[in-house]
Number of protein chains: 2
Amino acid sequence: MTLNWSQVDVPTALTAIAQETDTYLGRYLQSLTGSPQQITEAMAYSLLGAGKRIRPGLAVLSSLAVGGTVEQGLVAGAAVEMIHCFSLIHDDLPAMDDDDLRRGRPTNHKVYGEAMAILAGDALNTLAFHLLATRVQPAALAGKLVTELAFATGPEGMIGGQVLDTCHPEEAKADTTAASLSKLQHIHRLKTGALINVACRMGAMAGGATETQLALIDRYGHAVGLAFQIVDDILDVTSTAEQMGKATGKDAGKGKLTYPSLLGLEASREHLAKQVAVTDAVTQELGTNARLLAELSRAMAQRTK
Amino acid sequence: MTLNWSQVDVPTALTAIAQETDTYLGRYLQSLTGSPQQITEAMAYSLLGAGKRIRPGLAVLSSLAVGGTVEQGLVAGAAVEMIHCFSLIHDDLPAMDDDDLRRGRPTNHKVYGEAMAILAGDALNTLAFHLLATRVQPAALAGKLVTELAFATGPEGMIGGQVLDTCHPEEAKADTTAASLSKLQHIHRLKTGALINVACRMGAMAGGATETQLALIDRYGHAVGLAFQIVDDILDVTSTAEQMGKATGKDAGKGKLTYPSLLGLEASREHLAKQVAVTDAVTQELGTNARLLAELSRAMAQRTK
C-alpha cells in the first residue's frame with residue numbers, strides 16, 4: 001500500500017485495510033482450486049465485500065504500533081476475519097439467533113440453505129488455521145498464531161461466550177444485578193472480546209512485538225473489546241434496523257443481558273469512557289507508532305452504526 | 001503402553017490404541033479449564049468412550065510402520081478423531097442428514113439441543129488445531145500437521161465431500177452410470193477418504209517418515225480410505241440398524257450414490273479386494289514394521305459392523 005501511515009487519518013487507514021483484506025481473502029479463496037463451486041460461493045458471499053473489517057484494522061494497526069509492517073498484520077487480520085465470519089454465519093442459523101438480515105443483506109442460510117451455511121461456516125473455521133499454517137513464516141511464529149487464534153475461538157473464548165449467551169438466557173434473567181453484571185462482563189470478554197483482543201495480539205506478534213509491547217497491546221485489546229460490546233449494546237437500544245443493516249432491539253426482546261438493561265444508558269456510556277481512557281494511556285506508552293491505534297479506539301467508541 | 005507391538009494382533013492393538021486415545025482426549029478436555037461445563041459435557045458425550053477409533057489406529061500404526069513411536073502417532077490420531085467427531089455431530093443435524101441415532105446412542109443434538117450441537121462441533125473443529133499447535137514439537141512439524149489436517153478437513157477435503165454429497169443428490173441421480181461412478185469416487189475420496197488418508201500421513205510424519213516412506217503411506221491411505229467407504233456402502237445394504245448402531249438403508253432411501261447401487265454387490269466386493277491388494281503391496285515395501293498396518297486393512301475390509 002502506498003499510503004503514508006504516519007500521517008493518514010483513521011477512516012482512510014481503515015478503508016485501505018478493508019480493501020487490502022478483501023483482496024487478500026478473495027485471492028485466498030481463489031487458491032482453493034479443489035473446493036466445490038457452491039461452497040466457495042457461499043463462503044465468498046459472507047466473507048467478501050461487506051463488514052467494517054474492525055478486526056483486520058486492529059491487527060494491522062497493532063503491527064504498525066510495534067514497528068511491524070502492514071503486510072505482517074494483514075495475514076493475522078485475515079485469519080481472524082475468517083473466524084469472525086464463520087461465527088456470524090452460524091449465529092444467524094435458525095437453531096441459534098434465527099436472523100434473516102446481516103450487514104443489510106439476507107443471511108447466508110437464507111440464500112444458500114441451512115446445510116450449506118453450516119458447511120460454509122465449518123470451512124471458514126478450518127481454513128483460518130490453514131491460512132496461518134501456510135502463509136506465516138517462520139514456522140514457530142505460525143504455530144504461535146494458530147495457538148492464539150484457536151484458544152480465542154474455542155470453548156475458552158468466543159464459542160464459550162456463545163454457549164453462555166445462547167444456551168441459558170433464562171437462568172441469567174433470574175440473577176441479581178450484581179451477579180448479572182459480573183456474568184455479562186464474562187460473556188462479553190469471551191463472546192466478542194476474545195476475538196478482538198486476539199486480533200490485536202496476533203497483529204503485534206506478526207509484527208515482531210517485544211514481550212513488553214505485547215503486554216501493552218493485550219491491555220489495549222481487552223479495553224477496546226469491552227468498548228466495542230458496550231457500544232453494540234447501546235446501539236441495539238438507540239438505533240433502527242435501517243441504520244444498522246441488521247435487526248435491532250432483539251436483545252431486549254429476548255431478555256438478554258446487555259449493559260443498558262443492567263446499568264441504564266448513562267452509566268453504560270460512562271463505562272465506555274473508562275475503556276477509552278485505558279486505550280489512551282496504553283497507546284501513549286507504546287509511542288508515536290500507536291497513534292492510529294489510539295484514534296481507532298476513540299472512533300469505535302463514537303460509532304453510530 | 002506395555003504391549004509388545006511386534007507380536008500383538010490387530011484387535012488387541014486397536015483396543016489398546018482406542019483406550020489410549022480415550023485417555024488422551026479425556027485429559028485434553030479436562031485441560032480446558034475455561035470452557036463452560038455444558039459444552040465440555042456435550043463434546044465429551046460424542047468424543048469419548050464410543051467409536052471404533054479407526055483413524056487413531058491408522059495414525060499410530062503408520063507411525064510404527066515408519067519406525068516412530070505409539071506416542072508420536074497418538075497426538076496426530078487424537079486431532080484427526082476430533083475432526084471426525086465434529087463432522088459426525090454436524091452431519092447428524094436436522095438440516096443435514098437428520099439422524100437420531102449414532103453409535104447406538106441418541107445423537108448430540110437429540111441430547112443437548114441443536115444450538116449446543118452446532119457449537120460443540122465448531123469447538124471440536126477449532127480444538128483439533130489447538131491440540132496440534134500446543135502438543136507437537138518442534139514447531140515446524142506442528143505447522144506441517146496443521147496444514148495437512150486443515151487441507152484434509154476443509155472444502156478441498158472432507159467438507160467439500162459433504163457439499164457434493166449433501167447438497168445436490170438430485171443432480172447426481174440424473175447422471176449416466178459412468179459419470180456417476182467417477183463422481184462417486186470423487187465424493188468418497190473427499191468425504192471419508194481425505195480424513196482417513198491424512199490420519200495415516202500425519203501419523204507417519206509425526207513418526208519421522210522419510211519422503212519415500214510418506215509416499216508409500218499415502219498410497220496405503222488412499223486405498224484403505226476407499227476400502228472403508230465401499231464396506232460402509234455394502235453394510236448399509238446388508239446390515240440391520242441393530243448391528244450397526246445407527247440407521248441403515250438410508251442411502252438407498254434417499255437415492256444417494258453408493259457402490260452397490262451403481263455396481264451391484266458383487267462388483268463392489270471385487271473393487272474392495274483390489275484396494276486390499278494395493279495395501280498388501282505397499283505394506284510389504286514398508287517392511288516388517290508395517291505388519292499391523294497390513295493386517296488392519298484386511299480386518300477393515302472384512303468388518304461386519
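Report follows, based on the coordinates. Computed from a prediction, not measured in an experiment: that's the story for all the values here.

Cut-offs and rules
Residues numbered from 1 in each chain as written. Chains lettered and ligands numbered in written order. Predicted model: local features only at pLDDT ≥ 70, side-chain atom pairs only at ≥ 80, totals over all residues. Helix = DSSP H or I, 4+ residues; strand = E, 2+ residues; numbered from the N terminus. Rg over C-alpha atoms; globule rule 2.2 N^0.38 Å. Contact = placed C-beta atoms within 7 Å. Buried ≥ 20, exposed ≤ 12 C-beta atoms within 10 Å, placed from the backbone. Core = buried A, V, L, I, M, F, W, Y, C linked by C-beta atoms within 7 Å. Least-squares fit on C-alpha atoms with pLDDT ≥ 70 in both. Nonpolar A, V, L, I, M, F, W, Y, C, P; charged D, E, K, R; others polar. Axes fitted to C-alpha atoms, helices over the stretch in contact; angles between N-to-C directions. Parallel < 35°, antiparallel > 145°, perpendicular 65-115°, else oblique. Left-handed = near helix turned anticlockwise from the far one by under 90°.

**Considerations on the overall build of chain A**
- Assigned secondary structure in chain A consists of 16 helices and two strands.
- For chain A, the C-alpha radius of gyration of 19 Å lies close to 19 Å, the compact-globule estimate for 305 residues.
- Summarising its shape, the C-alpha atoms of chain A cover approximately 50 × 50 × 35 Å along the three principal directions.
- Sequence separation of 24 or more characterises 71% of the internal contacts of chain A that already satisfy a separation of 6 or more.

**Quick word on the environment of T210 of chain B**
Residue and element names in this part refer to chain B.
- Mapped onto the elements, T210 comes out in the loop between α10 (177-206) and α11 (211-238).
- Using a count of 11 C-beta atoms within 10 Å as the deciding quantity, one classes T210 as exposed.
- Along the backbone, T210 and V66 are 144 residues apart, and their C-alpha atoms lie at a distance of 7.9 Å.

**Topic: the nonpolar core**
- Counting 190 residues, the largest nonpolar core has L149 of chain A together with L149 of chain B as the members making the most contacts within it.
- In this structure L149 of chain B touches A79, V80, I83, A128, F129, L132, V198 and M202 of chain B, once residues within four positions along its chain are discounted.

**Regarding the relation of the copies chain B and chain A**
- Note on the identical chains: chain B maps onto chain A by a rotation of 180 degrees and an axial translation of 0.0 Å, with an RMSD of 0.0 Å. The superposition operator between the copies reduces to a two-fold rotation axis.

**Comments concerning the interface of chain B and chain A**
- Contact residues are listed per partner, giving 44 residues for chain B and 44 residues for chain A.
- Contributing elements (two or more residues each) for the side of chain B that touches chain A: α2 (37-47), α6 (114-135), α7 (139-153) and α8 (158-166) of chain B.
- The dominant element in the side of chain B that touches chain A, judged by the number of residues it contributes, is α6 of chain B, at 14 residues.
- Each residue belonging to the side of chain B that touches chain A can be placed in one class, and the counts come to 25 nonpolar, 16 polar and three charged.

**A few points about the environment of P56 of chain B**
Residues and elements named next belong to chain B.
- Within the secondary structure, P56 sits in helix α3 (residues 54-65).
- Between the C-alpha atom of P56 and that of G77, which follows or precedes it by 21 residues, the distance is 3.8 Å.
- Those residues within four positions of P56 in sequence are excluded, and the remaining contacts are I17, T21, L74, G77, A78 and E81.

**So, the environment of G287 of chain A**
Residues and elements named next belong to chain A.
- As for its placement among the helices and strands, G287 is situated in the loop between α15 (265-286) and α16 (291-302).
- Judged by C-beta crowding, with 13 C-beta atoms within 10 Å, G287 ranks as partly exposed.
- Residues G287 and A65, 222 residues apart in the sequence, show an inter-C-alpha distance of 7.8 Å.

**What to know about the packing of helix α4 (residues 70-91) of chain A against helix α7 (residues 139-153) of chain A**
Residue and element names in this part refer to chain A.
- For the pair α4 and α7, interaxial distance at closest approach is 11 Å and the crossing angle is 25 degrees. Taken as axis vectors, α4 and α7 run roughly parallel relative to one another. Where α4 crosses over α7, the handedness of that crossing is right-handed. Two secondary-structure elements touch here, α4 through A76, A79, V80 and I83 and α7 through L145, L149 and T153.

**Examining the packing of α11 of chain B against helix α16 (residues 291-302) of chain B**
All names here are of chain B.
- Taken N-terminus to C-terminus, the directions of α11 and α16 make an angle of 20 degrees; their axes are 9 Å apart at the nearest point. Judged on the interaxial angle alone, α16 and α11 are roughly parallel. The two elements α11 and α16 cross, and the hand of that crossing is left-handed. For the pair formed by α11 and α16, the contact residues are Y220, V224, A227, F228 and V231 on the first element and L293, S297, M300 and A301 on the second.

**As for unusual backbone geometry**
Residue and element names in this part refer to chain A.
- A cis amide bond, omega -5 degrees, links Q137 with the succeeding residue P138.
- Mapped onto the fold, P138 is located in the loop between α6 (114-135) and α7.
- The phi torsion at R53 lies on the positive side, around 55 degrees, for a residue other than glycine.
- Residue position: R53 is located in the loop between α2 (37-47) and α3 (54-65).

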